Structure formats: C-alpha cells, structure tokens
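Listed below, chain by chain, are the residues.
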Amino acid sequence: MPNEFIPSRRRLVMLASAALGTSLLGGIGRLALADSDEDDTHFKESANTSFTLANTGLKARVVVVGGGMAGASVAKYLRLWGGTGVQVTLVEPNPRYTSNIMSNLVLNGSRSITTLGYTYSNLSAKYGVTVKEARVMSINSAARSVTLSDGSSLAYDRLVLAPGVEFMDAYGLTQNDYATATPHAWQAGPQTSLLASQLAAMQDGTFVMTIPKAPYRCPPGPYERACLVADYLKTYRGSASRVIVLDENTSIQAEKETFNHAFTSIHAGVITYVPGATNIRIDPLTRQVSYLDTVGNPQSVNAQVVAPIPPHRSTGSAAGGWLAATGVNNSPDGRWCVVDVLSYESTAVSGIHVIGDAASCGLPKAGHVANQEAKICADAIVRLLGGQQPDPAPVANSACYSPITGSTASWLTAVYQYDSTNRKMAVAANNGITSGATAIESATISNENFREMSTWFNTLMGDSFG
Amino acid sequence: MNPLTSGIRPRWPGILACTLTLSLTACGGGGGGGGGTTSAAPASATLSGTAVDGYLKGATVFLDVNGNGLADTGEPSALTDDTGRYVLDVSAVARPVSGLRIVATGGVDTDTGYAFTGKLSSRADDATSGQLVSPLTSLIDALVSQGLTVTAARDKVAQALGMTVADLGSDPVAAVASQPVIYTRQVALQRAVQLLASANIRDNESAHDAQERIYRALAQVVVAQNTPATVGELVAKLGESQSASGRELADTIESTIDTALRSPGGLASAKATLQAMDQIRNEMENAQHYDLKQAARRLDERGKGSAYTKLADRSDKAGQSDAINTVTRTTGTTTTLTQPANTKGRLLASNCFQCHGTGGVGGFERIRGGDASEVKEFLRKPAGSGIMAAHAQGYTNSQLDLIIAYLKQ
C-alpha cells in the first residue's frame, strides 16, 4: 500500500511505536510516552515542577488504600497541604497504575498499553509519600489500624480508602471468562490487550458490547468505545463489520447529542444502539448473545467478539470481602460507600474516608472527578487534623474528552456546587447556579478536541501522579 | 570606612568610594581608588574574585603580570571553585597589581554544564577581593587595550549599554533576580563574541585570540556609540563577517533568557534555555553555517521536536514560552516552587489543576500569577463556545475572585 494511503490511525500507530525507543527517558513517574508530539510537554512541565510542602505544624498518620487516580491524588495533596508532619502511607499491591483513561485507544491500535503506565516514584520522591506494595487484609476501625498482606500493620489517625471497583459475574459469565474469552477491559490491563487482539483478528464480523445500569465507571466511556471500535472495524476489518451496543440503561448516559450524532451519522450503518436491553446472556464459547430488546422482544446475535461491561461494585465490598468487613459499603445494595460530600468521610464508620469510584457521593465515577474528590478529602482531613471543620462549600468538577474516531474527539464538562439543603453536590452553570443546570458537551466533534485531549490527559495524570 | 558597605557589599569598593569622595580624590589612573589614591602593592597577599559567565567551575584564572596574554611560570594562577571563586596568591608579585589583567579560561559554565571555551579578562584594581571577571569586564578590558583608562572604559561601556557602572561590576548570577538585564547582557555578549570569533577565525589563530580580537573590535564600536544600545545592536555594527548572525543570536538570547527568568521556572528555566541556545550556537559553529533559524531547525529534525525552532523565532513570544517550558523539562531540572502562603481559595483553585497543572503551572496554560484573572474573559462567551467557557460559568463570581486571588499570590 503506498504511503499516502496510510490513514491517520496507522500513522498514529507508527508514531506511538516510534516514540517507544526514547520514551523511557521521559518523566519520572511516567513509564513511557505516547504519541511523540508536544503534548507531553505539558505533563512534563508539571512533572518537573515540585512544591515545597506547606508548613502547618500538624503531626498525624494517614493511610491511603489504593493507588489509582483518587488514591494517588489524595496522597500527594495530603503531603502538599498537610506538610511534612503528616505521614502518608500509600498501600497498593501493584508497582504501577495503568490508566483507564485513553485505554479505548489501545483497542484501535493508536496507543500501546505501556504508554498508560504510571509509577509512584514521584509521589515518594517529590512529596515524601511512603509507598507500601501490599494488599489490605483487614481494617480495625476501633483501634484505627490496617493489617496488610505482608503481615505488617499500620496505625492511622485518618484512613482514606480509594479501592476502585471490581466486576461482578453477570450475563452467565465468570471472572475467568472475562480474563480469557469475553474481556470487559473496563480495568485497563491484560484484558485491554486481549480485546485489542480479538478485534484485530475480526473480518466483517459483529462486535457486541454491553453497558451496565448506572452508576458505572466513566459514563461516556462505553459510548466512546462503541465509536472507536466501529471506526476501526469499518476501516480495517471489513465494511460489513457491525457493532451492537446493548445498553441496560434506557438512554445514552453522557454526551447524548454527541453520541446520538456519532451513532446515527458518523458511524451510521455500523453501530446499532439498543437502549433498555434486558436479560442479556452471553455464551463465552460460541459468542452467541441473546437479550430482550427495547420493547421486550427476544433477540439473538452471533458475535465474533463480545465485550460485556458487567455491573461493578467497590473493591472488597462483596460478602466476605475486606471492605465489607468494615461496614463502609452502606449503600442500599451494598455495592458503594456512602460519604459526606464535605469530607468524604464514611457515613457508616468515623475516621474512614472513601473517594473515587467506590464512593457514593452523587458525582460521576471518573478519573478527573476522583482527582477532585481527593483534593476535597485531603483539604478536609488537613482541616480536621487541625481541629477545624471541613470547607462548608466545596466545589468539584469534571472535564473529559472522548475520541469519536481515530482523530476526532468531543468533550464534556461540569462544575458541581454544594447544595446545603440536600447536602449533595449538584451541577452548576451560568454563574454557579444549580437550578436547571446540566453538564455541557462540545458543540463539535473535531481534530482540535483530539489534540486537546492529549494535553488534558497528560496534565491530569501529572496532577495525580507527578 | 564607608557607611554603605555594611548594607551593600560592592564588587568594586572603589566605585562607591569614588562617588562619595569625589571631592577629595580624582579616583583616576589605575582604575578605582578603594579609598586610596596611590597604587601601592596591596597589603593582602591574595587577590580574589569570581569568574562568571555563569559561574565558571574549574576555570584557570591567572594574573598576566608580563602582559603577554599567557599564563607563564611564576605568574599567580588558580582554579576556580564551584561558584567561580578564585584566590590568587600575589605575594610574589613585586609591582602593583592594580591595572594588571586577570584572565580566565577553561572550566565548566555551571549555568549550562558545558565546557567554557571562551576567554574572559578584567583589569585588576586595588581591591583585594571581589574582582569580577566576566564578559562585561572583558569588554571593558578591550577598551582599556584601546588606550582608555579603566574608569573611562567603564563609563563608556555603561553608557553604550544603558547600564550603570555599578551594574558592570555586579555578579550577574547573584543579580539575576533583581536585575536580570545584567545577566542577559553578559550571556548574550559572550555568545555573540564566540560566534563571531568562530566565523572569522584566521589561519594560525587560536579561538581565544580570535575572541579577544572580536572583543577589541567591539570595543571600537562601543567607543563610537553615543546612545544606549543593546548587545545585538552593537554587534551588528561590527565590520566582521556574520555580524548580523551575531546580532540575531544576541537578541534571541536576551529575549528568551528574559522570558525564561520571568517564567515560574525562573533561573532554572533560564539555564535550560541558555543551554539550548548554546546547542544552537554550537550547531552553527560546527556547520560553519551561521543561520540561527536553520541551525535550530536541524536540531529539531534530529530530535523530532520543535523547541529549538520556536526558541529561535523571536516573532512568536508564545512559541518561545512554550519552547522554554519544553527545554526546562528536557534538561531534567526540577523546579521547586513555594505554595501561596494564604490558603484561602486553595481548594477552589485546585479545580483548575487537572488541566493547568498542580499549582497552575502547566497544562493548557499557566494560570499562576498575572494570568489568573483571564478566566473572567470566558464569562462573556457562550457556554457552548469552548470547554473553558463552559467550565468557568459553573463558578460564582466570588469563587472566581478567590481562585484568582489565590493564584496571584
């Protein structure tokens, strides 16, 4: 194929692999860089800036469990704002975090999974966070201590749980099926690579994906996945390729305008969107998928590749789990941890804060939001340690970019103000007014947005891990 | 002796003393008076000072007693320490030291980490310490070589560059925060001279000799200069080949270093930028092709970046700022910033950090400092016009004021 016919997606692939050779020299906490464009500058500017820790005179021990977006951010900001006297220990079993954000771009080959890796070295080197590579076995909230998988235990004055989510067996599938046959790939890692290779082996086939009832991690993410996979399949894996999106919700959960346009125009004829799908059953061996459609009629599809996003729950919250043993998973269904949105302290157990996807706080489960929850929590803990009350009117925010094709993207943003009457966070617009406000999505799907997406991503990761 | 010396330690005590005691002494001749009027051998047996472009570490500094420009056996000589400081033992020097040349060569420029290939000189005065050897003292020395007295040479250089005589004697690295121009002028001057020396080197002439010749040619321009000018403007008036390139280099260095010094990275950014400018200059010298922009482009092509090209383009300030950020991180320099002291508004402002970097110093746009209030411009735009407009309008006015106040600290 002559070079000039190489479409942009392939060029991206080539850029990404070309960058790998030198990228290991990049930012300290960054394992490897992505596309070799200047957007990485932004990450590294942050990565090369560090701040002197605040001088608060506070002395305390804080243990943070989980090194994802929320956990890394809270560890960093507790040190930054709490000062050297606030000892922060981050407990995380993995030596690196793989970003879920941007991981849909692994599916179409435009990013490699290694470019999404982040270590904790900046947190320790720049901010003095103690990183403990271990798993939590149990929490004694009365004695305020945590027992770890290495047999050691850590005493705490405040405990922050940021354990993320685990995925439930659903649609007739088990954890083993997810790992080997029908990957959900909703936790970036080996399943992401597995799904990418399955997609790469398709030819004029049908890809079926499912979306669980809200709340789930990253509201626009599944729709973004549908778009990127459709774009990839129709371009490279045969024009007869089809994508069927079985949504257990009755409508698109985020960026309705954008994804409606994408499904009915940009990827028209490729994507079939089925809202309100029920009774989904998936055979991991034959890839046959059956379900009841929007109006309750039984349907059956022979898919080549199936990626179900199963319902999730706070990690450890299933019966017998370490989190369940603490009683912090106090939502009615026992899947989430209800918190006071002023401090993210559990409404069930004092001294324990829960942030990120595991928390039930009225905010979307997403990395950018988790980062801000972490800051609100860190600020509240610093105030509480100093004998003050948490900020009575915190503001949280969300911004995200979603690729719609291999070179275009949309965005979505929202600011959340504290509604003191209902003690909840509420979307605000028009000078901070919550009444009638909704999250705002981009008017266009553009290349410019796609470029900005890299800046957003790199800076967000820098603010969280750098 | 001097009431000012308790608060301000002048590098050239003679200058202040001279100003204050003008009615008592002429302060002429050998250059500075140090309160005394005759050039007697110094009471102290040492002569110390600083060799600086950036501070020169491990440079050889010698007192050119016989005036042949070389470090001869028996002439006081010493190596500089990490901060460019040298101490010469002058006890064996029979004649008065004042008026002799102090020469510095070799070592490492600690601002760039590169070997120093230049040659700096200065005329010793009566002070036994604080004798600066810098690009500006080299220029003064070149004027003295034209027959001017040290005092007249200092006055002339100060006038030609729009500086004060005290500026000329200030340690440029120490002055960088308060008077960045003292620093930017020197580093621009030295590099322009080295570039032109490279472009005009003669057969059988050493690089040091060529530089000295360029300094002397520049001294003639200075002598004829009656209005304040930039280094670039002076260099442009040289009758040497590639003078225009020398000017382009000097102007670009002055503007990028000034921008870098004003960035949050401050001196660290300036050093990284200077390093990058030295790479561009080396590229020109090695290729013997003295086009700044083309050299920058070649470096970028090799490194698959665009920072050098942006640095070299003075017409694009934003691009230069961008490039300064790039080179700052490329050098691996970690900039440590102090958090704003007043924490009111801190949590609110932290909403900005996901996209503008921790503390507001990265990402889409730096918002720490004076740029913070730009957020209000987005209130006038339709929410759907862009992500920042959509975002900004989620905050109340008083919240934005708190954010701005925090970031402006």
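Residues numbered from 1 in each chain as written. Chains lettered and ligands numbered in written order. Predicted model: local features only at pLDDT ≥ 70, side-chain atom pairs only at ≥ 80, totals over all residues. Heavy atoms only, no water.

Regarding the overall build of chain B
Quick reminder of the rule: A run of H or I in DSSP counts as a helix once it spans at least four residues, and a run of E counts as a strand once it spans at least two, with each numbered from the N terminus. For the exposure calls, accessible area comes from a 1.4 Å probe over protein chains only, and a residue counts as buried if that area is under 20% of its type's maximum, exposed if over 50%, partly exposed in between. Exposure was quantified through the Shrake-Rupley algorithm and a 1.4 Å probe, taking into account, for residues, occlusion by the shown protein chains and nothing else.
Each helix and strand in chain B was counted, giving 16 helices and 11 strands. Going through the 409 residues of chain B one by one, you find that 54% of them count as buried. Working note: accessible area of chain B is about 16300 Å², and carbon and sulfur atoms make up 52% of it.

Structural notes on the packing of helix H7 (residues 190–200) of chain A against helix H8 (residues 221–236) of chain A
Residues and elements named next belong to chain A. Note the cut-off: Orientation is described by lines fitted to C-alpha atoms, with helices fitted over the stretch in contact, and by angles between N-to-C directions that extend from 0 to 180 degrees. A crossing counts as left-handed when the near helix is turned anticlockwise from the far one by less than a right angle, and as right-handed when that turn is clockwise. Residue contacts follow a heavy-atom distance rule, with two residues in contact if any of their heavy atoms lie within 4.5 Å. Charged residues are taken to be Asp, Glu, Lys and Arg, nonpolar residues to be Ala, Val, Leu, Ile, Met, Phe, Trp, Tyr, Cys and Pro, and polar residues to be all remaining types, Gly included.
Look at H7 against H8: their axes get within 11 Å of each other, and the N-to-C directions meet at 35 degrees. Here the hand of the crossing between H7 and H8 comes out right-handed. Here H7 contributes Leu195, Leu199 and Ala200 to the contact with H8, which in turn contributes Arg225, Val229, Tyr232 and Leu233. Among the residues forming the contact of H7 with H8, the class breakdown is 6 nonpolar, no polar and 1 charged.

Side note on the interface of chain B and chain A
Interfaces are frequently sized by the accessible area removed from exposure as the parts join. Selection rule: Values labelled buried area give the accessible surface lost by two parts on being combined, using a 1.4 Å probe and summing over both. A pair is scored as a salt bridge if a Lys or Arg side-chain nitrogen falls within 4 Å of a carboxyl oxygen belonging to Asp or Glu.
Counting residues at the interface gives 45 residues for chain B, matched by 51 residues for chain A. Counting the surface lost from both chain B and chain A, the interface buries some 4000 Å², and carbon and sulfur atoms represent 54% of this. Our count for the contact surface shared by chain B and chain A stands at 1 salt bridge. The salt bridge involving Asp379 of chain A is made with Arg346 of chain B; its shortest N-O contact spans 3.8 Å.

Comments concerning helix H10 (residues 367–385) of chain A
Residues and elements named next belong to chain A. Convention followed: By this rule, a helix spans an expected 1.5 Å times one less than how many residues it contains.
With 19 residues, H10 should cover 27 Å at 1.5 Å per step; its first-to-last C-alpha distance of 26 Å lies within 8% of that length. Burial analysis of H10 places 16 of its 19 residues in the buried class, which makes it a mostly covered element. Looking at the residues trailing H10, positive phi occurs at Gly387, about 80 degrees.

Details of the side chain of Thr105 of chain B
Of note, Thr105 of chain B is situated in strand S6 (residues 101–105). Residues in contact with Thr105 of chain B, not counting those within four places in the same chain, are Ala59, Thr60, Gly118, Lys119 and His208 of chain B.

Thoughts on the pairing of strand S9 (residues 119–123) of chain B
Residue and element names in this part refer to chain B. Threshold: Any two strands between which DSSP finds at least two bridges are classified as paired.
Extensive coverage of S9 is indicated by the burial of 5 of its 5 residues. Neither face of S9 is exposed, since Lys119, Ser121 and Arg123 on one face and Leu120 and Ser122 on the opposite face are all buried. Relative to S9, S6 is paired through 5 bridges, and the arrangement is antiparallel. When the sheet's bridge partners are listed, Arg101 is paired in S9 with Arg123.

Things to note about the packing of H10 of chain A against helix H11 (residues 447–465) of chain A
Residue and element names in this part refer to chain A. Selection rule: Any angle between 65 and 115 degrees counts as roughly perpendicular, while under 35 counts as roughly parallel, over 145 as roughly antiparallel, and the rest as oblique.
Between H10 and H11, the least distance of the axes is 11 Å, while the angle of their chain directions is 30 degrees. Taken as axis vectors, H10 and H11 run roughly parallel relative to one another. Where H10 crosses over H11, the two elements pack in a sense that is left-handed. Side by side, H10 and H11 meet where His368, Asn371 and Lys375 of the first sit next to Trp456, Leu460, Asp463 and Ser464 of the second. Of the residues that constitute the contact of H10 with H11, the class distribution is 2 nonpolar, 3 polar and 2 charged.

Points about the environment of Gly466 of chain A
Residue and element names in this part refer to chain A. Tracing the chain through its elements places Gly466 in the segment after H11. It is 8.1 Å that separates the C-alpha atoms of Gly466 and Lys126, two residues lying 340 residues apart in sequence. Filtering out sequence-adjacent residues up to four positions away, Gly466 remains in contact with Lys76, Asn122, Lys126, Tyr127 and Met461.

Thoughts on the packing of aromatic side chains
Residue and element names in this part refer to chain A. Spelled out, the test is: Pairs were defined over the aromatic rings of Phe, Tyr and Trp, the Trp ring being its six-membered one, requiring ring centres within 6.5 Å. Orientation was assigned from the angle between planes: stacked under 30 degrees, edge-to-face over 60, tilted for the rest.
Under the criterion given, the structure shown has 12 aromatic pairs over all chains. Aromatic side chains Tyr97 and Phe465 sit 5.2 Å apart centroid to centroid with 15 degrees between the ring planes, which places their arrangement in the stacked category. Within this pair, whereas Tyr97 is found in strand S4 (residues 96–98), its partner Phe465 is found in helix H11, the two being separated by 368 residues in sequence. The two residues Tyr97 and Phe465 agree in class, both being buried. Between Tyr401 and Trp456, the aromatic rings sit 5.8 Å apart at their centres with planes inclined by 45 degrees, giving tilted as the arrangement. Of this pair, Tyr401 sits in strand S24 (residues 395–403) while Trp456 sits in helix H11, and the two are 55 residues apart along the sequence. For the pair Tyr401 and Trp456, one class covers both residues: buried.

Let's talk about the sheet that holds strand S1 (residues 46–51) of chain B
Strand pairing in a sheet takes place through backbone hydrogen bonds and is either antiparallel or parallel in direction. All names here are of chain B. Read across the sheet, 3 strands follow the order S5-S1-S10 without closing on themselves; strand pairing throughout is mixed. For this open sheet the edge positions go to strand S5 (85–89) and strand S10 (131–133), each flanked by a neighbour on one side alone. Averaged over neighbouring strand pairs, the angle between their axes works out to 30 degrees when direction is ignored. Here S1 pairs with S5 via 5 bridges, running antiparallel. Paired with Leu47 across the bridge in S5 is Leu88.

As for the sheet that holds strand S7 (residues 108–109) of chain B
All names here are of chain B. Here we have 3 strands laid out as an open sheet, ordered S2-S7-S8, and antiparallel in their pairing. If you trace the sheet from one side to the other, it starts and ends with strand S2 (56–57) and strand S8 (114–115), each paired once. As defined by bridge partners, S2 adjoins S7 across 2 bridges and the pair is classed as antiparallel. Bridging across to S7, Leu56 finds its partner in Asp109.

What about the nonpolar core?
Heads up, the rule is: Nonpolar cores are built from buried Ala, Val, Leu, Ile, Met, Phe, Trp, Tyr and Cys residues. Side-chain atoms within 4.5 Å join them into one set.
Counting residues in hydrophobic clusters, the biggest one holds 143 residues, and the most contacted among them are Leu161, Leu199, Phe207, Val243 and Trp456 of chain A. With residues near it in sequence (within four places) discarded, Trp456 of chain A still touches Ile101, His368, Ala399, Cys400 and Tyr401 of chain A together with Gln354, Cys355 and Phe364 of chain B. Counting residues in each nonpolar core, the second largest holds 88 residues, with Val90, Phe116, Leu143 and Ala296 of chain B among its members.

Some words on helix H3 (residues 150–161) of chain B
All names here are of chain B. With 12 residues, H3 extends 16 Å from end C-alpha to end C-alpha; this agrees with the ideal 16 Å at 1.5 Å per step. Of the residues making up H3, those classed as buried are Val150, Ala153, Arg154, Lys156, Val157, Ala158, Ala160 and Leu161. Trailing H3 by a residue or two, Gly162 shows a phi angle of about 65 degrees, which is positive.

What to know about the confidence of the model for chain A
Our working rule: Confidence per residue, as judged by the predictor, is encoded in pLDDT with a range of 0 to 100.
The pLDDT averaged across chain A works out to 89; a share of 90% of its residues lies at or above 70. Overall, residues 1–47 of chain A carries pLDDT values under 50, and its contacts beyond four positions in sequence, including any with other chains, amount to 96 contacts.

Examining the pattern of salt bridges
Residues and elements named next belong to chain A. The tally for this structure, following the rule as stated, stands at 34 salt bridges over all chains. The shortest N-O distance in the salt bridge between Asp463 and Lys375 comes to 2.7 Å. In this pair, Asp463 is assigned in helix H11 and Lys375 in helix H10, connecting sequence segments 88 residues apart. Overall, Asp463 belongs to the buried group, its relative accessible area being 0%. Given the relative accessible area of 0%, Lys375 is considered buried.

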